[in-house]
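These are the residues of each chain, in order.
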Protein chains: 2
Amino acid sequence: MSKVPTELTRTWHLTAAGCNAQSRLPLPTLAQRVIELATDHANAIGVGYSRLILDGNAWVLSRLSIELSRFPAMHEDYSLTTWIEGFNRHFSARNFELRSGGADGEVIGYIRSVWVAINIESRRPADLSSIAHLATTVSERRCPIEPQPKLRMPADNGSAVVTEGVFRATDIDFNRHVNTIRYIDLILNNTPLDVYDNHRIARFDIAFSHEATFGEHWRAATVEEPALTFSTAVTDGADRTFCSARMIMK
Amino acid sequence: MSKVPTELTRTWHLTAAGCNAQSRLPLPTLAQRVIELATDHANAIGVGYSRLILDGNAWVLSRLSIELSRFPAMHEDYSLTTWIEGFNRHFSARNFELRSGGADGEVIGYIRSVWVAINIESRRPADLSSIAHLATTVSERRCPIEPQPKLRMPADNGSAVVTEGVFRATDIDFNRHVNTIRYIDLILNNTPLDVYDNHRIARFDIAFSHEATFGEHWRAATVEEPALTFSTAVTDGADRTFCSARMIMK
């Protein structure tokens with residue numbers, strides 16, 4: 001049996017066109033890169049989409065935590081390295097290291113992600129026993145950032161920012177559910193531009209609960225408590241929570 | 001003087017996570033790749049951001065026309081090759097060829113783009129005489145798709161789809177204006193998901209008029225006339241048009 005690669009690294013260049021209003025790598029783009037690299041590494045070690053679908057299963061991102069000392073700047077190279085920290089019958093934990101200036105550059109952040117395998121018909125958690133060889137790919141490498149805490153909405157102190165809308169065609173991914181990046185957009189967009197101009201996102205946590213589909217109503221409510229800590233719940237406006245997030249700025 | 005590359009090609013892999021609801025390359029992503037490759041080629045031939053800014057100028061995308069026989073599918077490689085068709089004192093015309101299966105694969109589409117140089121302070125057209133050496137990079141290669149026609153909104157036949165909103169933090173690019181991709185999202189989102197499930201975008205044209213900024217109100221109105229031809233105007237809800245588009249589906 002050939003040895004499977006326990007790590008995968010990829011490098012990107014940040015063009016002007018790829019920057020946000022602060023001339024930095026946008027957080028939604030970073031999340032997209034994380035998901036792409038996770039997908040590619042899962043494929044490389046034989047536990048990707050094409051393997052899981054044999055059992056009628058698919059990976060779904062359950063939690064994502066991003067902690068950065070700074071975001072890559074315009075015209076910089078940046079790299080992500082991913083490895084698996086652990087897995088059990090129902091989920092796998094995958095970490096990432098972010099470097100600026102390419103794969104040998106300065107470490108500027110870490111990312112933790114938790115992936116759940118679900119049955120694509122029932123949308124219920126699947127049993128990963130059939131890919132127990134995933135255990136051979138678990139790395140000894142540690143991730144220095146804290147695991148994601150339980151995300152709780154603080155009491156609405158009267159200053160909650162609320163936006164509402166409907167999920168539309170470009171919000172939908174190949175699973176026919178709303179894609180992760182779109183949720184992150186909605187969450188970031190409840191904080192005005194000048195906050196991003198004057199502060200940086202030091203930590204971003206998001207946890208996914210229920211999957212939304214095309215045409216569903218969404219409601220995003222954000223409370224800043226304490227100062228520069230923004231907690232957001234994205235719901236259907238009634239009793240279903242699609243995702244919860246916490247953004248800490250400095 | 002070293003020879004400048006008259007063409008630039010880049011290849012990408014379409015991961016599952018990068019797909020739209022039809023398990024294809026999303027049109028907004030294709031437009032993003034086009035803009036990135038244009039930026040990189042402009043840098044490579046010495047007429048990029050860092051050169052133009054010496055004169056206080058910057059490139060702004062004015063028109064984009066995309067015509068495809070099909071969109072790249074999940075797990076396919078796809079490549080774009082760009083070249084300059086012509087330029088004068090005020091704008092440059094840049095084309096792209098899209099191949100599936102990588103740089104040697106089947107040609108599945110062409111893209112035309114027109115870029116205007118503007119003064120970044122006045123936002124008025126700039127004079128490109130100082131980079132007249134751009135002429136040496138004009139290619140003999142032709143682009144087989146029609147140039148963009150004048151985009152006109154058909155009379156509202158009573159079935160116009162109208163959405164409205166406000167431009168928010170993640171909609172803003174490094175120029176501090178609303179980014180091209182966000183406009184394309186708004187335009188595509190005025191057509192429901194089942195239309196994309198049952199038809200494909202054969203041609204997409206977009207022309208940019210006025211630049212929108214953070215916090216501005218937007219109104220997107222789409223009329224389908226004739227059947228499967230969708231014309232959209234994105235305005236401020238009053239007298240300013242941000243962009244106009246036409247999408248022909250088959």
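For the structure itself, consult the block above.
Residues numbered from 1 in each chain as written. Chains lettered and ligands numbered in written order. Predicted model: local features only at pLDDT ≥ 70, side-chain atom pairs only at ≥ 80, totals over all residues. Heavy atoms only, no water.

As for the relation of the copies chain B and chain A
Then comes step 1: Its rotation angle being 180°, the transformation that places chain B on chain A also includes 0.0 Å of axial translation and leaves an RMSD of 0.0 Å. The transformation just described matches what one would write down for a two-fold rotation axis. When each C-alpha of chain B is compared by its distance to the rotation axis, Gly165(B) comes out closest, at 4.5 Å. (Least-squares fit on C-alpha atoms with pLDDT ≥ 70 in both.)

Things to note about the side chain of Ser244(A)
Then comes step 1: In this structure, Ser244(A) sits in strand E10 (residues 241-249).
Then comes step 2: For Ser244(A), the residues in contact, after removing those within four places along its chain, are Leu151(A), Asp205(A), Ile206(A), Ala207(A) and Thr232(A). (Helix = DSSP H or I, 4+ residues; strand = E, 2+ residues; numbered from the N terminus. Contact = heavy atoms within 4.5 Å.)

Section: the packing of aromatic side chains
Then comes step 1: For the structure on display, the rule yields 12 aromatic pairs over all chains.
Then comes step 2: Arranged with centres 6.0 Å apart and planes meeting at 70°, the rings of Phe167(A) and Phe242(A) form a pair that is edge-to-face. In this pair, Phe167(A) sits in the loop between strand E6 (161-166) and helix H3 (180-188) while Phe242(A) sits in strand E10, placing the two residues 75 residues apart along the sequence.
Then comes step 3: By relative accessible area, which is 0% here, Phe167(A) ends up buried.
Then comes step 4: Given the relative accessible area of 0%, Phe242(A) is considered buried.
Then comes step 5: Centroid distance Trp12(B) to Tyr78(B): 5.6 Å. Interplanar angle 25°. Geometry classified as stacked. In this pair, Trp12(B) sits in strand E1 (residues 7-13) while Tyr78(B) sits in strand E3 (residues 77-87), placing the two residues 66 residues apart along the sequence. The two residues Trp12(B) and Tyr78(B) agree in class, both being buried.
Then comes step 6: A network of ring pairs unites the aromatic residues Phe167(A), Tyr183(A), Phe208(A), Trp218(A) and Phe242(A) as a single cluster.
Then comes step 7: Here Arg141(A) stacks its cationic end above the ring of Trp83(A), 4.3 Å away from the centre of that ring. (Phe/Tyr/Trp six-rings, centres within 6.5 Å; stacked < 30°, edge-to-face > 60°. Buried < 20%, exposed > 50% of the residue type's maximum accessible area, 1.4 Å probe, protein only. Lys NZ or Arg CZ within 6 Å of the ring centre and 35° of its normal.)

What about the packing of helix H1 (residues 27-44) of chain B against helix H3 (residues 180-188) of chain B?
All names here are of chain B.
Then comes step 1: Where H1 meets H3, the axes come as close as 9 Å, and the angle between the chain directions of the two elements is 160°. With respect to H3, the element H1 is oriented roughly antiparallel. Considering the relative orientation of H1 and H3, their crossing is right-handed. From H1, Leu 27, Pro 28, Ala 31, Gln 32 and Ile 35 reach across to H3, where they touch Thr 180, Ile 181, Ile 184, Asp 185 and Leu 188.
Then comes step 2: Split into classes, the residues belonging to the contact of H1 with H3 amount to seven nonpolar, two polar and one charged. (Axes fitted to C-alpha atoms, helices over the stretch in contact; angles between N-to-C directions. Parallel < 35°, antiparallel > 145°, perpendicular 65-115°, else oblique. Left-handed = near helix turned anticlockwise from the far one by under 90°. Nonpolar A, V, L, I, M, F, W, Y, C, P; charged D, E, K, R; others polar.)

Brief notes about the sheet that holds strand E8 (residues 217-224) of chain A
All names here are of chain A.
Then comes step 1: Here we have 10 strands laid out as an open sheet, ordered E1-E3-E4-E5-E2-E7-E10-E9-E8-E6, and antiparallel in their pairing. Pairing within the sheet leaves two strands with one partner each, and these edge strands are strand E1 (7-13) and E6. Going from strand to strand, the sheet's axes swing by 20° on average, the running direction of each strand aside.
Then comes step 2: The pairing of E8 with strand E9 (residues 229-235) spans six bridges and is classified as antiparallel. Across the sheet, Arg 219 pairs through a bridge with Thr 235, a residue of E9.
Then comes step 3: Packing against the sheet, helix H1 (residues 27-44) makes contact with E1, strand E2 (57-68), strand E3 (77-87), strand E4 (91-100), strand E5 (106-119) and strand E7 (201-208), and its axis sits at approximately 55° to E3.
Then comes step 4: In this fold H3 packs onto E2, E7, E8, E9 and E10, with an angle of close to 125° to the strand it touches most, E7. (Pairing = 2+ DSSP bridges.)

Regarding the sheet that holds strand E5 (residues 106-119) of chain B
Residues and elements named next belong to chain B.
Then comes step 1: Taken in spatial order, the 10 strands line up as E1-E3-E4-E5-E2-E7-E10-E9-E8-E6 in an open sheet, and their pairing is antiparallel. In this open sheet, the two strands that pair with only one neighbour each are E1 and strand E6 (161-166). On average, each strand axis in the sheet is inclined to that of its neighbour by 20°, with strand direction left out of account.
Then comes step 2: Examined bridge by bridge, strand E9 (residues 229-235) and strand E10 (residues 241-249) share seven bridges and lie antiparallel to one another.

Focus: the interface of chain B and chain A
Then comes step 1: Contact with chain B, which involves 37 residues of that partner, is made by 37 residues of chain A.
Then comes step 2: Buried area between chain B and chain A, summed over both chains or domains, comes out near 2,900 Å², and the portion from carbon and sulfur atoms is 60%.
Then comes step 3: Looking at the side of chain B facing chain A, the largest losses of area belong to Phe174(B), Asn189(B) and Leu193(B), adding up to 20% of the total buried there.
Then comes step 4: Between Arg176(A) and Asp197(B) there is a salt bridge, and its shortest N-O distance comes to 2.6 Å. (Buried area = accessible area lost by both parts, 1.4 Å probe. Salt bridge = Lys/Arg side-chain N within 4 Å of Asp/Glu carboxyl O.)

Some thoughts on the layout of surface pockets
Then comes step 1: Approximately 430 Å³ is the volume found for the second largest pocket.
Then comes step 2: Lining the second largest pocket are 22 residues, with Glu164(A), Trp218(A), Glu164(B), Arg182(B) and Trp218(B) sitting closest to its centre.
Then comes step 3: Of all the secondary structure elements, the ones that give two or more residues to the lining of the second largest pocket are E6 and H3 of chain A together with E6 and H3 of chain B.
Then comes step 4: For the lining of the second largest pocket, the class distribution of residues is six nonpolar, eight polar and eight charged. (1 Å grid on protein atoms, 1.4 Å probe; cavity = no way out; pocket = protein on both sides within 12 Å on 5 of 7 lines; lining within 4 Å. Points joined across faces, edges and corners; volume = space filled by probe spheres on them.)

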